[in-house]
Amino acid sequence: MRTLVDIPERQIKDLAAICLSEKISRAELVRRAISAYLEKKKPPTTAAFGLWRERSVDGLAYQEQLRSEW
């Protein structure tokens, strides 16, 4: 997807210097920067552990109940 972003001139110069030294396009540099940012901000997978601890039903029993409906 294409998008337009206003970037200050100083940052454009800094980006150009990095692009030149790494021999990559500005678009590739921005893609890598976004990827790194998203990876940093992604919630850890450990946040999913313990989701069933507050439930009264056993996880296996619940799974078997659901499968019995098939």
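Everything below is about the structure printed above this text.
Residues numbered from 1 in each chain as written. Predicted model: local features only at pLDDT ≥ 70, side-chain atom pairs only at ≥ 80, totals over all residues. Heavy atoms only, no water.

## Some words on the environment of I24
We count it as follows: Strands are runs of DSSP state E lasting at least 2 residues, helices are runs of H or I lasting at least 4, and numbering of each runs from the N terminus. For the exposure calls, accessible area comes from a 1.4 Å probe over protein chains only, and a residue counts as buried if that area is under 20% of its type's maximum, exposed if over 50%, partly exposed in between.
With respect to the helices and strands, I24 occurs in the loop between helix 1 (9-22) and helix 2 (26-41). Residue classification places I24 among the buried positions, given a relative accessible area of 16%.

## A short note on the pattern of salt bridges
Selection criterion: Any carboxyl oxygen of Asp or Glu that lies within 4 Å of a side-chain nitrogen of Lys or Arg is treated as forming a salt bridge with it.
All chains considered together, the criterion is met by 5 salt bridges. Two residues, R32 and E22, come together in a salt bridge whose shortest N-O distance is 3.7 Å. Here R32 is found in helix 2, whereas its partner E22 is found in helix 1, with 10 residues between them in sequence. The residue R32 makes a salt bridge to E28 at a minimum N-O spacing of 3.0 Å.

Purely geometric numbers; function is a separate question.
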